[in-house]
Amino acid sequence: MTTDNNQTLFERASAVIPGGVNSPVRAFKAVGGTPRFIQRAQGAYFWDANGKRYIDYIGSWGPMILGHGHPAVVEAVQKAVLEGFSYGAPTEREIELAEAILALVPSMEMVRLVSSGTEAAMSALRLARGATGRKHIIKFEGCYHGHADALLVKAGSGLATFGHPTSGGVPPEAVQHTIVLEYNNIAQLEEAFALHGKDMACLMIEAIAGNMNFVRATPEFARRCRELCTQHGALLVFDEVMTGFRVGLHGAQGVLGITPDLTVLGKVIGGGMPLAAFGGPRAIMEQLAPLGPVYQAGTLSGNPVATACGLATLKEIAKPGFYEALSAKTRTLVEGLKAAADAEGVAFNVDSEGGMFGFYLMKDKPQNYGTVMTTDNAKFNALFHGLLDRGVYIAPALYEAGFVSAAHSDEDIAATIEAARQIFSHIS
Ligand code: KE4
């Protein structure tokens, strides 16, 4: 029996790190089995502790849109590291990255750099409350905005009532002003604003959701979010940590043609390094310390190595044709998966936008979290492990989206479709 180095490492990790991981989804709890401990990555691939190669459709949950180890990015990071790791003082490169982001996100006039999506969403929420002087917020079931207390919440018992904590350690008071609604449910949205509109600080949404698999806001739902926020003086906050520079050069707001008041970014803008951001109109952003009353800070915010990685990444994705090629490649993948499933009589559907995709073990495309969660877990787990055994690594949970990089080749896409076809033939 050969040693499974992943298992050995998992046991060792579990002795010193809760669950053996530094972020829960990595532990494979939803799919079972042993997490793969990655040794190295290059292009569209990474290799586990047994030296097994996988085609990577996680891409670090979105950041690695160029693929792993893009030479221009590696060179930029190596150069930055030699200049210094962190200063705790302003740098020109932070200005360059801020200017690059503002040039690509017209709804932003100013931006603040931070180190994680959680930090960016939490800060945007505090800013919205500070700028409006209001306390209530709306979020949607199935949308994830990081693990700040006010956002770890599930729907209240009654329609459009205030939420209940979804995590230990979050006191009810922390979510007493958070209303959780059903995604794409216009009636609930209308009612929540009718009841609480005058006290509403903001509505936060993933306008293309990637944390309940891949679920789009319908155009009319997205339009009503914008209209009701405007009507009641609440801020519309697009959490584009996942969709920003992933679904298109101008994110979900570009795809939908909706202008939010605040935008939260992360993942791609750091190119794999700890970097996120939030931004919006000058009048709102200037409420932030040190100019205004809304405090927000961070030791490593705008870190010189992370900003070098982010800038080099943005330079590559802004090149002409980048998203056309990435979108076409992702569409080929999902259409190939659907054709393979159809041929084997498996109820299956797909969707994609830019380099982000979802597939569903059901006939129709889901419109909300409740529908996604009707997925047959056993079937998904059989697909997940069947692909993993064949060297294809997709998200280890059916409520996650998938990501294609510029480094994925036509051969990688074809091999993925063939691997899935083999599994479909015995899970229909
Ligand atoms: P981080 O704090 O993990 O950098 O970002 C939180 C966050 C905020 N907003 C959206 C839309 C997000 O998708 C995320 C993080 N996404 C998950 C993947 N579903 C990160 C993976 C993980 O938690 O390990």
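Residues numbered from 1 in each chain as written. Predicted model: local features only at pLDDT ≥ 70, side-chain atom pairs only at ≥ 80, totals over all residues. Heavy atoms only, no water.

Chemist: Would you take a moment to explain the sheet that holds strand β18 (residues 402-403) for this structure?
Modeler: Consider a sheet: its strands pair through backbone hydrogen bonds, and that pairing is either parallel or antiparallel. Strand order in the open sheet formed by 3 strands is β15-β16-β18, with antiparallel pairing between adjacent strands. Every other strand in the sheet has two partners, leaving β15 (349-353) and β18 as the edge strands with one partner each. Judged from the 2 bridges that link them, strand β16 (residues 356-360) and β18 form a sheet pairing that is antiparallel. Among the inter-strand pairings, M356 is bridged to a residue of β18, identified as F403. Along the sheet face, helix α10 (residues 322-343) touches β15 and β16 and points at about 180° away from the line of β15. (Pairing = 2+ DSSP bridges. Helix = DSSP H or I, 4+ residues; strand = E, 2+ residues; numbered from the N terminus. Contact = heavy atoms within 4.5 Å. Axes fitted to C-alpha atoms, helices over the stretch in contact; angles between N-to-C directions.)

Chemist: Can you walk me through the domain arrangement of the chain in this structure?
Modeler: Reports often express the size of an interface as the amount of accessible area lost when the parts come together. According to the domain assignment, the chain consists of domain 1 (5-69 + 320-427) and domain 2 (71-317). Taking only C-alpha atoms, the centre of domain 1 and the centre of domain 2 are 25 Å apart. If you look at the interface, domain 1 gives 31 residues, while domain 2 gives 33 residues. Contact between domain 1 and domain 2 buries roughly 2,600 Å² in total, counting both sides, with carbon and sulfur atoms accounting for 59%. Broken down residue by residue, the surface that domain 1 buries against domain 2 is led by Y323, E353 and M356, which jointly contribute 24%. Summed over the shared surface of domain 1 and domain 2, the result is 2 salt bridges. With a closest N to O distance of 2.9 Å, E353 and R216 form a salt bridge. The tally of links between domain 1 and domain 2 comes to 15 residue pairs in polar contact (both at pLDDT 80 or more). (Domains from an automatic or database assignment. Buried area = accessible area lost by both parts, 1.4 Å probe. Salt bridge = Lys/Arg side-chain N within 4 Å of Asp/Glu carboxyl O. Polar contact = N/O pair within 3.5 Å; in protein donor to acceptor, adjacent residues only side chain to side chain.)

Chemist: Please explain the pairing of strand β1 (residues 38-42) as it appears in this structure.
Modeler: A regular strand places its side chains on the two faces of the sheet in alternate fashion. Summarising the sheet, β1 and strand β2 (residues 45-48) pair through 4 bridges and their orientation is antiparallel. By the bridge assignment, Q42 is partnered in β2 with Y45. Joining the antiparallel neighbours β1 and β2 is a turn of 2 residues, in which G43 adopts a positive phi near 65°.

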